[in-house]
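Residues per chain are reported as follows:
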Amino acid sequence: MITFYDIKVNSTDPAFTVSPFCWQARLCLNYKQLPYHTIYALYSNVTAFAKKHGIPPTGVKPDGSPSYTLPAIHDSKTNATVSDSFKIARYLDETYPDTPAFFPIAIIPPTVGASVDVNLSTDGKLDTRVLLAAWESMATSTVYPKVLKLNVGKLLARVEDSADSFPGGGFVESSQRKFEMVFGMRWDELGKEPKLGEPVWKEAEEAVGIWLGLLEKSRGSSFRRDESDKDEFMKDKESLGTLESQRGLWVMGGQFTFADAVVGAAFCWIRSVWGQDSEEWASVKTWGEGRWLEYIEGVEKYATIL
Ligand SMILES: N[C@@H](CCC(=O)N[C@@H](CS)C(=O)NCC(=O)O)C(=O)O
């Protein structure tokens, strides 16, 4: 049985699990349909929690000491404890080879290789790990910060709301300095919940829209992103059919890969923070003129919190 270590900042709402990296790992576990159970650490207590559970550090702090983050998993089958969402996904591929791979390796026979003019390694393998690592790196540097900026006010409002039901959580104490440094804003400004229509919503939609643009590169070439082409876009959309029938639902076509854990996690993060039944989440589902909807619904199938 796998134990999944996630972070919690509010003990009363089981859906309020707000680390995008933990969401990546959860989507991976759910997609592979591996049995697991979840243990939550408090955000304020990740380091002590990691040490207690033998979770390896994921980096080094500026002062040279190890830094501990979640998600992590422990697998009783191998007795391995793995931290970092990318490494977790790799571990799951390697340990459970009969489940769908997050880092597909295409083996191309030399004859096919010759005809499509790809420069194959000697064993004929096309390895996707480096490109998927680049995909994650782009997400963490470009897209996630905009989603964090959107989420942070609501997150803080909900954490503060729940202070009574969450004694000793220490979220505010532990994160105030860190958050103020990251955003260059004072805590009281950070905690303002953005209303729909405020610029952070558009900025997050545009950041996530970078992925949509990439996804649509392998769709019919007539898909347009320009507002003025809306009518034509709708016509094209109808004639081309669903995303699923066009190219497969996922970033790499028919198979959910680590790229989809990264994209899906951004949506699950917003949904957890704002609430499944909120008008804000309903509005996110209309992002990209509705072109995200099918994808989001696909991701939601793997977003169950166990
Ligand atoms: N590269 C790591 C990043 C994980 C990460 O940054 N996790 C944050 C939560 S979103 C964390 O555990 N922070 C603990 C802390 O700052 O004390 C991964 O992909 O798992």
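Procedures and definitions
- Residues numbered from 1 in each chain as written.
- Predicted model: local features only at pLDDT ≥ 70, side-chain atom pairs only at ≥ 80, totals over all residues.
- Heavy atoms only, no water.
- Near = heavy atom within 4 Å.
- Polar contact = N/O pair within 3.5 Å; in protein donor to acceptor, adjacent residues only side chain to side chain.
- Areas by Shrake-Rupley, 256 points an atom, 1.4 Å probe, with all protein chains shown as cover.
- Nonpolar A, V, L, I, M, F, W, Y, C, P; charged D, E, K, R; others polar.
- Pairing = 2+ DSSP bridges.
- Helix = DSSP H or I, 4+ residues; strand = E, 2+ residues; numbered from the N terminus.
- Axes fitted to C-alpha atoms, helices over the stretch in contact; angles between N-to-C directions.
- Expected span 1.5 Å × (residues − 1).
- Bend = angle between axes of the 7 residues up to and from the residue.
- Buried < 20%, exposed > 50% of the residue type's maximum accessible area, 1.4 Å probe, protein only.
- Salt bridge = Lys/Arg side-chain N within 4 Å of Asp/Glu carboxyl O.

If you look the protein up in an unreviewed UniProt entry, it shows as GST N-terminal domain-containing protein from Coprinopsis marcescibilis.

The immediate surroundings of the ligand are formed by 13 residues, with Thr 69, Leu 70, Asp 84, Ser 85 and Lys 178 found nearest. The contact in question runs from an oxygen atom of the ligand to an N or O atom on the backbone of Leu 70, over 2.8 Å. Note that a nitrogen atom of the ligand is positioned 2.8 Å from one of the side-chain N or O atoms of Asp 84. When isolated, the ligand has an accessible area of 520 Å², and the protein chains bury 76% of it. Its residues assigned to classes, the shell around the ligand shows 7 nonpolar, 3 polar and 3 charged.

One open sheet accounts for 4 strands, arranged β2-β1-β5-β6; its pairing is mixed. Lying at the two open borders of the sheet, with one neighbouring strand each, are β2 (36–42) and β6 (80–83). On average, each strand axis in the sheet is tilted by 20° relative to the strand beside it, whichever way the strands run. Examined bridge by bridge, strand β1 (residues 2–8) and β2 share 7 bridges and lie parallel to one another.

This next bit is on helix α8 (residues 199–215). For α8, which comprises 17 residues, the first-to-last C-alpha distance of 25 Å matches the rise-based estimate of 24 Å (1.5 Å per residue) to within 8%. Where α8 bends most, the angle comes to about 30°, and this point is Gly 209. Along α8, the residues that are buried comprise Val 200, Trp 201, Ala 204, Ala 207, Val 208, Trp 211, Leu 212, Gly 213 and Leu 215.

Side-chain pairing between opposite charges can occur once the charged atoms of the two side chains come close. Within the structure shown, the criterion is met by 10 salt bridges. With a shortest N-O distance of 2.5 Å, Asp 93 and Lys 32 are connected by a salt bridge. In this pair, Asp 93 sits in helix α3 (residues 85–95) while Lys 32 sits in helix α1 (residues 20–32), placing the two residues 61 residues apart along the sequence. Just as Asp 93 is buried, Lys 32 falls in that class too. Across the pair Arg 291 and Glu 289 runs a salt bridge, and its minimum N-O distance is 3.6 Å. Taking the relative accessible area as the measure of exposure, Arg 291 reaches 6% and is therefore buried. Beyond isolated ion pairs, a larger network of salt bridges with shared partners links Glu 216, Glu 289 and Arg 291.

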